[in-house]
Amino acid sequence: MDIIRVTTPQDREKFISIPHKIYQNDPNWTPQFDFQVREKLDRKKNPFFMHGWAQEFLVVEGDEVLGRVLASDDDRFNAENKTNVGMFGFYESVNDQNVANALFDAVADVLKNERKRDSFFGPVEFSTNFEYALLVDGFDSPAKVMMPYNPEYYKTLFETWGLEKNRDLFSWYFDRTAMFADSWRPIVERLRARYRFTVRPFSTRSFDADVEKCMQVYDHVRSEWWWGSVSLTPEEIKSYAELLSFVADPEMVLLAESEDGTPIGFSVTIPDVNEAARPLKGSLTWFGIPFLGALRLKYRIKRKVKGSRLMVLCVLPEYRRKGVAENLILNTFDFGYYKKRYENAELGWTDEYNDKISHVLERVGAKRFKRYRVYQKDL
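Now for a quick tour of the structure. Computed from a predicted model, the values in this text were never measured in an experiment. (Residues numbered from 1 in each chain as written. Predicted model: local features only at pLDDT ≥ 70, side-chain atom pairs only at ≥ 80, totals over all residues. Heavy atoms only, no water.)

Within the protein, the secondary structure is distributed over 13 helices and 13 strands. Its C-alpha radius of gyration of 21 Å places the protein within 12% of the 21 Å reference for a compact globule of 379 residues. Expressed as a percentage of the 379 residues in the protein, the buried residues total 54%. Long-range contacts, defined as pairs at least 24 residues apart, comprise 77% of the intrachain contacts of the protein with a sequence gap of at least 6. Roughly 17,700 Å² of accessible area belongs to the protein as shown, and the carbon and sulfur atoms make up 49% of that amount. (Helix = DSSP H or I, 4+ residues; strand = E, 2+ residues; numbered from the N terminus. Rg over C-alpha atoms; globule rule 2.2 N^0.38 Å. Buried < 20%, exposed > 50% of the residue type's maximum accessible area, 1.4 Å probe, protein only. Contact = heavy atoms within 4.5 Å. Areas by Shrake-Rupley, 256 points an atom, 1.4 Å probe, with all protein chains shown as cover.)

Structure follows, in C-alpha cells:
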C-alpha cells in the first residue's frame, strides 16, 4: 500500500472516480458531476487558487485505488481569522483504518512541515465557502443539493486516527405541515408592517446589483459565525452567481430591505438538483454531447424535483426578532409550495450554538433533521 501525491492528469482522474467505487451500492448517494470536480481541482478555473493552495493524495495498492484526500491551505482565511490552520477535504476511502491513517498522516505531514501550520480541520472543500462537514447522523435519506453525504463508518476512521470534534451543525426539515402552519402568518405580516421593511425577489434586470446588496449583509453577519468564516473574492461571487442563475428561480432568491432601500437580509433557496441528477450517475453528457446533457438536466429540474434547499438565511443583527427571517421563510414557502408545488424543503445548516436561529426555525414548524460534524487536530 502506497501514498502518492496527485501530479498527473491520470492520477487526477483516479482521484475523481473513486467515489463511484465507494458508493456503488448506496441508493442515497448522489455523485457530483465529474466535470464539476475537474473544474474544482483545476488551478486555472477555480478562483480559490487565486489565494489558496491544495495538494491531492491517493492511497493505492497495485493498480487499485483505496482512498483519497485533499490538503488545502488558504492564506486569506488565516489572515482574516488570525489563525494558522490548514484544512482537509474530498475524503473518500474504503473501510480500512490503515488507509485512513495513511491519508491523514499525509495531510498532517504536508501541512505541518511544508505549509508550517499548527493545526488543521475539516472535512472542507478548499475553504469554508465551499461544502464542508461530515454527516454523523441522518443516513436514512439522500442528502439534498450541496450537502455532504458519506458512509457512516467515516466517523470511526476519523476519530480513531485522532481527529476531535470542533462543533456540530444541523440541517432542518420543512414538510407540508410547516407550509400550512398559518398560525404564524398574521404575526409575521404585522411585524413587517410595524418595522416597515419589504421582501422582494431578485430582479433579473439588476441581478448584479442585488448580488452586491446580499454581499453587504453577508460580510456584516459572517463574523458572528463559528471561527471559520472568510470573505468571498469578486471571482468567487461571480462563480456563485453563475451557479444560481442556472439552477435558482429568481422568485426564491429573496432580498429584505428597510424603508429607505437598505439591504437588511436575504435568503437563497434552490431546487434539490440532486433529485434530478441522481439517475445521471455523475455524467452530464447525453448522446455524447454535454450541451444536450445540460438541457436534459434543466428539464429534469423543472419537471422532476419535489424538494428544495434553503441554502442561506442572513439577517442583520439589529433587524432580528423583528420578523425579517420569518418573512423570508414565509415568502419562500408561498412561492415554493403554491407555485412550484414543492413538497418539502431543507435548511442547512445552523451552528449547534446558535440558539436564536434555532428558535426561529422551530417557531415556523421546522424539525431538526441531520447532524454534521467539523473535526480538528493540533499538529
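Further remarks concern the nonpolar core. Within the largest apolar cluster, 63 residues are counted, with the highest numbers of intra-cluster contacts made by Tyr91, Phe126 and Phe158. Take this core: its biggest share by element is ten residues, from helix H4 (residues 97-114). If we skip the residues at most four places from it in the chain, Tyr91 touches Arg68, Val69, Ala100, Leu103, Phe104, Tyr154, Leu157 and Phe158. Within the second largest apolar cluster, 59 residues are counted, among which are Phe174, Leu254, Ile301 and Val364. (Core = buried A, V, L, I, M, F, W, Y, C linked by side-chain atoms within 4.5 Å.)

Attention shifts here to the packing of helix H7 (residues 185-195) against helix H12 (residues 324-339). Between H7 and H12, whose axes approach to 9 Å, the crossing angle comes to 125 degrees. In terms of orientation, H7 and H12 fall into the oblique class. Classified by chirality, the crossing of H12 by H7 is left-handed. Here Arg185, Val188, Glu189 and Arg192 of H7 come into contact with H12, specifically with Glu326, Asn327, Leu330, Asn331 and Asp334. Among the residues making up the contact of H7 with H12, the classes are represented as two nonpolar, two polar and five charged. (Axes fitted to C-alpha atoms, helices over the stretch in contact; angles between N-to-C directions. Parallel < 35°, antiparallel > 145°, perpendicular 65-115°, else oblique. Left-handed = near helix turned anticlockwise from the far one by under 90°. Nonpolar A, V, L, I, M, F, W, Y, C, P; charged D, E, K, R; others polar.)

Let us look at the pattern of salt bridges. Side chains that differ in sign of charge can pair as their charged atoms come close. For the structure on display, the rule yields 23 salt bridges. With a shortest N-O distance of 2.3 Å, Glu114 and Arg5 are connected by a salt bridge. Residue Glu114 is located in helix H4, and its partner Arg5 is located in strand E1 (residues 2-5); the two are separated by 109 residues in the primary sequence. A relative accessible area of 43% means that Glu114 is categorised as partly exposed. Residue classification places Arg5 among the partly exposed residues on the basis of a relative accessible area of 34%. In this structure, Asp249 engages Lys340 in a salt bridge whose closest nitrogen and oxygen atoms are separated by 3.6 Å. Of this pair, Asp249 sits in the loop between helix H9 (234-247) and strand E9 (253-257) while Lys340 sits in the loop between H12 and strand E12 (344-351), and the two are 91 residues apart along the sequence. (Salt bridge = Lys/Arg side-chain N within 4 Å of Asp/Glu carboxyl O.)

Attention shifts here to the packing of aromatic side chains. The geometry of an aromatic ring pair is captured by two quantities: the separation of the ring centres and the angle between the planes. Inspection of every chain in the model, using the stated rule, returns 29 aromatic pairs. With a centroid separation of 6.4 Å and 85 degrees between ring planes, the pair formed by Phe48 and Phe130 is classed as edge-to-face. Placement of Phe48 in the loop between helix H2 (34-41) and strand E2 (52-61) and of Phe130 in the loop between strand E5 (119-122) and strand E6 (134-137) is noted, with a sequence separation of 82 residues between them. Take Phe48: its relative accessible area is 0%, and that puts it in the buried class. Pairing Tyr91 with Tyr154 gives two aromatic rings, centres 5.1 Å apart and planes at 90 degrees, and the pair type is edge-to-face. Taken as a pair, Tyr91 in strand E4 (residues 85-93) and Tyr154 in helix H5 (residues 154-161) lie far apart in primary sequence, 63 residues in all. The class for Tyr91 is buried, based on a relative accessible area of 6%. Judged by its relative accessible area of 1%, Tyr154 falls in the buried class. (Phe/Tyr/Trp six-rings, centres within 6.5 Å; stacked < 30°, edge-to-face > 60°.)

Turning to the side chain of Asp351, a few remarks are in order. In this structure, Asp351 sits in strand E12. A polar atom in the side chain of Asp351 sits 2.9 Å from the side chain of Arg167. A polar side-chain atom of Asp351 sits 2.8 Å from the main-chain amide nitrogen of Tyr353. (Polar contact = N/O pair within 3.5 Å; in protein donor to acceptor, adjacent residues only side chain to side chain.)

Tracing the sequence through the fold places Asp334 in helix H12. Judged by relative accessible area, Asp334 falls into the partly exposed class, the value being 24%. Filtering out sequence-adjacent residues up to four positions away, Asp334 remains in contact with Arg185 and Lys339.

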